[in-house]
Amino acid sequence: RTPFVAPYIDLGKVPLGLFQGNDRVARYDITRQRVGVDLGTTFGRFAELRLGLLFGEVDADVDTGSSLVPQLHNTESGLRARLLHDTRDSGAIPRSGSFAQIDLFAPTEALGAEEAYIRTEIQAVTALSNGPNTLVANLRGGTAFGDQMPYYDQFPLGGFLKLSGYANEQFRGNEYAFGSLIYHHRLTTLTPPLGKGLYLGGSLEVGRQWDVIEPLNPSETRYGGRDALAV
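Fair warning: this is a prediction, and the values are worked out from it, not measured in the lab.

Moving on, we come to the overall build of the protein. Check the secondary structure of the protein and you find zero helices and 13 strands. Helices and strands appear in the protein in the N-to-C order β-β-β-β-β-β-β-β-β-β-β-β-β. Computed over its C-alpha atoms, the radius of gyration of the protein comes to 19 Å, within 12% of the 17 Å expected for a compact globule of 231 residues. In terms of principal-axis extent, the alpha carbons of the protein reach across some 55 × 45 × 35 Å. Every one of the 231 residues in the protein was classed for burial, and the buried ones make up 38%. For the protein, restricting intrachain contacts to residue pairs at least 6 apart in sequence, the fraction spanning at least 24 positions comes to 55%. Split by element, the accessible area of the protein, about 12,700 Å² in all, is 59% carbon and sulfur. In the protein, the 21 positive side-chain charges and the 26 negative ones have mean positions that sit 10 Å from each other.

Written as C-alpha cells, this is what we have:
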C-alpha cells in the first residue's frame, strides 16, 4: 500500500442541453470552480481508494432557448470518495482487462452547500479478445437514494456509446441503469502518432432512468421511468 495526498484545482465550462422529448428547448453554460484535497492509498498496481473534501461553486447560465429555464448559482461544497480497480490495456479501446469504479459525491449543508444530496455511481467494464476480435461488456448505474439533485448533476444518457442515435445527454434522471455490448474488429495496426489501430465495430445499448423531472415544470412533471434501446 502507498498512501498519498492529492490537492487539486478544477475550473471548467461545458454546454448542457435541455430537452423536452426529442426537442432541445434550451442550452445552459455550466461553469464550475472547485478546489479540494483527497487522501488516498493504492492497493498494489491496479487499485486505489480516495476520500476528500471539495469546496466549489457552480453557475448554470442560459445561453439560448426558453426564457422559462431557471438560472442557478449554487455552492456545492461537500465530501467525495472513489474506489477503483483498472487492469485494462487501454482506456479508450480496451482489448483486455477489466475496470470497476464507485464514485460518491455528497454536497453538505454543514460545509456551505445549498442543496444536500448523495450522488453515487458505479461502473464495471471487461474486455475479451480473440485475435483481432474484441467484445467489451459495460454495466453502469447511479442513484441519489431518493434525493432530488439539481438538473446539471443528474445522471445523463444519450450520445455516442451512451445510447447512440440520441442527442448527447438528451436524458437526465436521479437514478439510472445502463448496459452495452461493444464488438470491434481490428483491421490494421498503426504507429504513433497516428494511433494504435483502425477498427470496425458496432454496439448494442440499453438504458433506463427513474425519478425523472422535467426542469421546465418540476412541480408537476414526474415520470416513474423511461427506457431506451440503441443498436
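With that settled, consider the pairing of strand E8 (residues 133–143). Sheet topology places strand E7 (residues 119–130) next to E8; eleven bridges connect them, and they run antiparallel. Residue pairing in the sheet places Val125 in a bridge with Asn138 of E8. Where E7 hands over to E8, the hairpin turn is made up of two residues, of which Gly131 adopts a positive phi near 65°. Looking at chain direction, E8 and strand E11 (residues 175–189) are connected through eleven bridges and run antiparallel. Each residue of the ladder has a partner; that of Val136, found in E11, is Ile182.

Taken together, the side chains of Val5, Ile9, Leu11, Val35, Val37, Leu39, Leu53, Phe55, Leu79 and Leu111 define a hydrophobic patch exposed on the protein surface, amounting to about 900 Å² of accessible area. Of all elements in the fold, only strand E1 (2–20), strand E2 (23–43) and strand E3 (47–65) reach the threshold of two or more residues within the nonpolar patch. Position of Leu79 among the secondary structure elements: in strand E5 (residues 78–86). On the accessibility criterion, Leu79 (40% relative accessible area) is partly exposed.

The rules behind these values
- Residues numbered from 1 in each chain as written.
- Predicted model: local features only at pLDDT ≥ 70, side-chain atom pairs only at ≥ 80, totals over all residues.
- Heavy atoms only, no water.
- Helix = DSSP H or I, 4+ residues; strand = E, 2+ residues; numbered from the N terminus.
- Rg over C-alpha atoms; globule rule 2.2 N^0.38 Å.
- Buried < 20%, exposed > 50% of the residue type's maximum accessible area, 1.4 Å probe, protein only.
- Contact = heavy atoms within 4.5 Å.
- Areas by Shrake-Rupley, 256 points an atom, 1.4 Å probe, with all protein chains shown as cover.
- Lys, Arg positive; Asp, Glu negative; His and termini not counted.
- Charge placed at Lys NZ, Arg CZ, Asp CG, Glu CD.
- Pairing = 2+ DSSP bridges.
- Patch = residues over 30% accessible without salt bridge, like charges linked within 9 Å, V, L, I, M, F, W, Y side chains within 5 Å.
- Salt bridge = Lys/Arg side-chain N within 4 Å of Asp/Glu carboxyl O.

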